[in-house]
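Each chain is listed here by its residues.
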Amino acid sequence: MTPTTTAAPTGTALELTGVTRAFGSLTAVDDVSLRLPPGARHAVIGPNGAGKTTLLNLIAGTDRPDRGSIVLGGADVTRTSTARRSRAGIARSFQQPTVIGALTVLDNVVLAGWPHGGLGAAWRRPARLRERAAAAGSHLEAVGLADAAHWPASRLSHGQRRMLDLAAALAGEPRLLLLDEPAAGLTDGDIGRLLTLLDSLPQSVAVILVEHHVEVVAHFARTVTVLAAGRVLVTAPTGEALAHPSVRDAYRGTVTGTAPDPKTGR
Ligand SMILES: Nc1ncnc2c1ncn2[C@@H]1O[C@H](COP(=O)(O)OP(=O)(O)OP(=O)(O)O)[C@@H](O)[C@H]1O
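Residues numbered from 1 in each chain as written. Predicted model: local features only at pLDDT ≥ 70, side-chain atom pairs only at ≥ 80, totals over all residues.

A. Molecular detail of the sheet that holds strand 2 (residues 26–36). Spatially, 4 strands are ordered 2-1-4-5 in an open sheet, and the strand pairing comes out antiparallel. Looking at the sheet topology across the chains shown, the edges are occupied by strand 2 and strand 5 (75–76). Where strand 4 (residues 67–72) and strand 5 come together, 2 bridges link them in antiparallel fashion. Residue V71 lies in a different strand from strand 5, and its bridge partner there is D76. Strands strand 1 (14–23), strand 2 and strand 4 of the sheet are contacted by helix 1 (residues 52–60), whose axis makes an angle of about 60 degrees with strand 2. (Pairing = 2+ DSSP bridges. Helix = DSSP H or I, 4+ residues; strand = E, 2+ residues; numbered from the N terminus. Contact = placed C-beta atoms within 7 Å. Axes fitted to C-alpha atoms, helices over the stretch in contact; angles between N-to-C directions.)

B. Spatial organisation of the domain arrangement of the chain. We note that the domain assignment places domain 1 (1–89 + 174–266) and domain 2 (100–171) within the chain. Contact with domain 1, which involves 13 residues of that partner, is made by 11 residues of domain 2. Broken down by class, the residue content of the side of domain 1 that touches domain 2 amounts to 6 nonpolar, 4 polar and 3 charged. (Domains from an automatic or database assignment. Nonpolar A, V, L, I, M, F, W, Y, C, P; charged D, E, K, R; others polar.)

C. How the structure looks around the site of the ligand. Taken together, F23, L26, A28, G46, N48, G49, A50, G51, K52, T53 and T54 form the complete shell of residues around the ligand. Put simply, the parts of the chain that give the shell around the ligand at least two residues each are strand 2 and helix 1. At 3 residues, the largest contribution of residues to the shell around the ligand is made by helix 1. When the residues that make up the shell around the ligand are grouped by side-chain class, the tally is 4 nonpolar, 6 polar and 1 charged. (Near = placed C-beta within 6 Å.)

D. Up close: the nonpolar core. V109, A167, L178 and L209 are the most contacted members of the largest nonpolar core, which totals 70 residues. Ranked by residue count, the leading element in this core is helix 6 (residues 158–171), at 8 residues. There are two domains that each give this core at least three residues, and those are domain 1 (1–89 + 174–266) and domain 2 (100–171). Leave out the neighbours within four places in its chain, and V109 touches A136, H139, L140, A167, A168 and A171. (Core = buried A, V, L, I, M, F, W, Y, C linked by C-beta atoms within 7 Å. Buried ≥ 20, exposed ≤ 12 C-beta atoms within 10 Å, placed from the backbone.)

E. Structural view of the environment of A206. With respect to the helices and strands, the residue A206 is situated in strand 8 (residues 206–210). Spatially, the C-alpha atom of A206 lies 9.8 Å from that of T12, the residues being 194 residues apart in sequence. Beyond its immediate sequence surroundings of up to four residues, A206 is in contact with A13, L14, L36, P38, G39, A40, R175 and L176.

F. Quick peek at helix 6. Over its 14 residues, helix 6 runs 20 Å from end to end, which matches the ideal 20 Å to within 8%, given 1.5 Å per residue. Within helix 6, burial applies to Q160, R161, R162, M163, L164, D165, L166, A167, A168, A169, L170 and A171. The elements touched by buried residues of helix 6 are strand 6 (90–93), helix 3 (105–113), helix 5 (126–142), strand 7 (176–180) and helix 7 (188–199). Backbone geometry just downstream of helix 6 places E173 in the positive-phi region, at approximately 45 degrees. (Expected span 1.5 Å × (residues − 1).)

G. Looking closely at the confidence of the model for the chain. The predicted model of the chain averages 85 in pLDDT, with 85% of residues at 70 or higher. Predicted confidence for residues 1–9 stays below pLDDT 50, and this span has 15 contacts to residues more than four positions away or in other chains. Taken as a whole, residues 253–266 scores under 50 in pLDDT and shows 14 contacts with residues more than four places along the chain or in a different chain. Overall fold confidence (pTM) sits at 0.84, and the ipTM for the predicted complex is 0.98. (pLDDT = per-residue confidence, 0-100.)

H. Layout of the environment of D147. Its place among the elements puts D147 in the loop between helix 5 and helix 6. You can call D147 exposed: it has 10 C-beta atoms within 10 Å. Along the chain, D147 and A236 lie 89 residues apart, while their C-alpha atoms are 40 Å from each other.

In structure tokens:
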């Protein structure tokens, strides 16, 4: 299944073919194929345990598929390390933000933007470090944390940590950004800020958003893949995917966070 029926003239940002990952007898990701153009705004949704995070892990390289291939911008990265994928332009935000509390907010972003394995050299290149700090400052501005730049990151609220995690993901100037439930635990105000930030992401960046908040998906995504039990139910333009009957059945009570009626199951 492909959200674009033909390869866009500008190429393909990410192509998954038959990606499969089993844990013992449980197939968490089952024969998933997907092609995204550069600048894609794609969401992956599905009930708890559908395989969404496992799929992001396989794309980011923290886990490897048993079968299938992952091609990033024309290069097969199926077996390459997380660090190499990061250098190739994949960045990720996590369900639990990865923030170093003892460092300042700004330093967290500077560190995140420094190429893997090159940190030892960072301190010998003050001009480069200043450049990175300036870039980090603009990322903090974009996520609404400019005033907190010199705070220890441990002072940040949950919502602010999520924003910092996003700024850190942007610091590497990725071409593919993987967002794992960025709206989880956010207040309505924080969600508003998140939507503004998502809207302002550069068009050169392809984004895969895993998210339970259907309003965030509807606002942001142009295309959606619905997963259930590791398998793709549908990949389609957002409106079509969210209206798909299988989404209602697989999703009712999960996306909205409301429990199904025990009598009707709906
Ligand atoms: N390392 C692992 N070992 C064993 N089982 C795993 C492992 N990682 C994930 N699973 C299982 O794989 C299935 C898919 O998990 P995954 O976390 O990818 O789902 P998800 O769609 O992201 O769920 P959620 O919305 O709750 O975050 C689940 O049944 C989960 O228990």
